[in-house]
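Below, each chain spelled out in residue letters.
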Amino acid sequence: MANAMTKDGPRTLLPGELELQRWGGLVLTTHRLMHHNPGSTASLTSLLLRDLNWTRIGRTHTPLLLAIAALNALGSAYLFATHGDFAPFFLLLGLLTAFLYIVGRRATMTFAAGEGRIEIRLKGTDAGWASAGTFADAVEHAALRTAPLT
């Protein structure tokens, strides 16, 4: 039986399954979408196309971190003007929170099937978004071909 991910992971193709397309760490077959996540938290996620519920391409961030950073900056300014004792601590805490916000922003592509999710990080370029959209379209078209007629 053919191996769907020879260099990425040890999955074999199902009977009658053919590989359609690869994009980054994703492999689209006639039956499923697979993602290999290498590294210390290595995993291989496989979603059956017939169960695909939705796809998403977008930006994710945590605006609460930005609000906390602003509050820390205001608190630091107030303490500096009145007491000065804890102002450097709050300023450092505000800068750290702002840094966490900036680092946490990312563009992602997500596929969901039931409780299963595949989420990958995208490159920030327009070309990266365009190719991600093309691949997401291919996944949705393949999912429509596997969906039972209602």
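Check the entry above for the structure.
First, a word on what this report is: a plain description of the structure on this page. (Residues numbered from 1 in each chain as written. Predicted model: local features only at pLDDT ≥ 70, side-chain atom pairs only at ≥ 80, totals over all residues. Heavy atoms only, no water.)

This part covers the pairing of strand β4 (residues 43-48). In this sheet, β4 lies alongside strand β3 (residues 32-37) in antiparallel orientation, the contact comprising six bridges. Paired with His36 across the two strands is Leu44, which belongs to β4. Linking β3 back to β4 in an antiparallel pair, the connection comprises five residues, with Gly39 at a positive phi of about 110 degrees. (Pairing = 2+ DSSP bridges. Helix = DSSP H or I, 4+ residues; strand = E, 2+ residues; numbered from the N terminus.)

Grouped together as the largest cluster of nonpolar side chains are 21 residues, with contacts concentrated most on Leu26, Leu33, Met109, Phe111 and Phe135. Taken together, the elements giving at least two residues each to this core come down to β2 (26-29), β6 (106-113), β7 (116-121) and α3 (126-146). Tallying contributions element by element places α3 first for this core, with seven residues. Once you skip the residues sitting within four places of it in the chain, Leu26 turns out to touch Gln21, Leu33, Met34, His35, Met109, Phe111, Ile118, Ile120 and Phe135. (Core = buried A, V, L, I, M, F, W, Y, C linked by side-chain atoms within 4.5 Å. Buried < 20%, exposed > 50% of the residue type's maximum accessible area, 1.4 Å probe, protein only. Contact = heavy atoms within 4.5 Å.)

In this section: the environment of Ala136. Among the secondary structure elements, Ala136 is positioned in helix α3. Expressed as a C-alpha distance, the spacing of Ala136 and Phe111, which sit 25 residues apart in the sequence, is 8.4 Å. In this structure Ala136 touches Ile57, Met109 and Phe111, once residues within four positions along its chain are discounted.

The sheet built from three strands is open, its strands ordered β5-β6-β7 with antiparallel pairing. Each of the sheet's edge strands pairs with one partner strand only, and the pair in question is β5 (54-60) and β7. In this sheet, neighbouring strand axes are inclined to one another by 20 degrees on average, regardless of whether the strands run parallel or antiparallel. Here β5 runs beside β6; their pairing, made up of seven bridges, is antiparallel. Directly across from Arg56, in β6, lies its bridge partner Thr110. (Axes fitted to C-alpha atoms, helices over the stretch in contact; angles between N-to-C directions.)

Quick look at the sheet that holds β3 now. Taken in spatial order, the four strands line up as β1-β2-β3-β4 in an open sheet, and their pairing is antiparallel. Across the chains shown, the open sheet's two edge strands, defined by having one partner strand only, are β1 (19-23) and β4. Looking at each pair of strands side by side, their axes are set apart by 15 degrees on average, direction ignored.

Right, let's get into the pattern of salt bridges. With the rule as written, the count across this model stands at two salt bridges. Across the salt bridge formed by Glu17 and Arg32, the nearest N and O atoms sit 2.9 Å from each other. Here Arg32 lies in strand β3 and Glu17 lies in the segment before β1, a separation of 15 residues in the sequence. Among the residues examined, Arg32 registers a relative accessible area of 4% and is labelled buried. Its salt-bridge partner being Glu19, residue Arg22 comes within 2.9 Å of it at the nearest N-O pair. (Salt bridge = Lys/Arg side-chain N within 4 Å of Asp/Glu carboxyl O.)

A separate point is the packing of aromatic side chains. This model, assessed by the stated rule, comprises two aromatic pairs. Between the aromatic rings of Trp23 and Phe135, the centroid separation amounts to 5.8 Å while the plane-to-plane angle is 20 degrees, which identifies the pairing as stacked. Of this pair, Trp23 sits in strand β1 while Phe135 sits in helix α3, and the two are 112 residues apart along the sequence. Each member of the pair, Trp23 as well as Phe135, is classed as buried. When the ring of Phe111 is compared with that of Phe135, the centres are 6.4 Å apart and the planes differ by 85 degrees; the resulting orientation is edge-to-face. In this pair, Phe111 sits in strand β6 while Phe135 sits in helix α3, placing the two residues 24 residues apart along the sequence. A relative accessible area of 0% means that Phe111 is categorised as buried. When its relative accessible area of 0% is taken as the criterion, Phe135 is described as buried. One aromatic cluster is present, formed by Trp23, Phe111 and Phe135 through successive ring pairs. (Phe/Tyr/Trp six-rings, centres within 6.5 Å; stacked < 30°, edge-to-face > 60°.)

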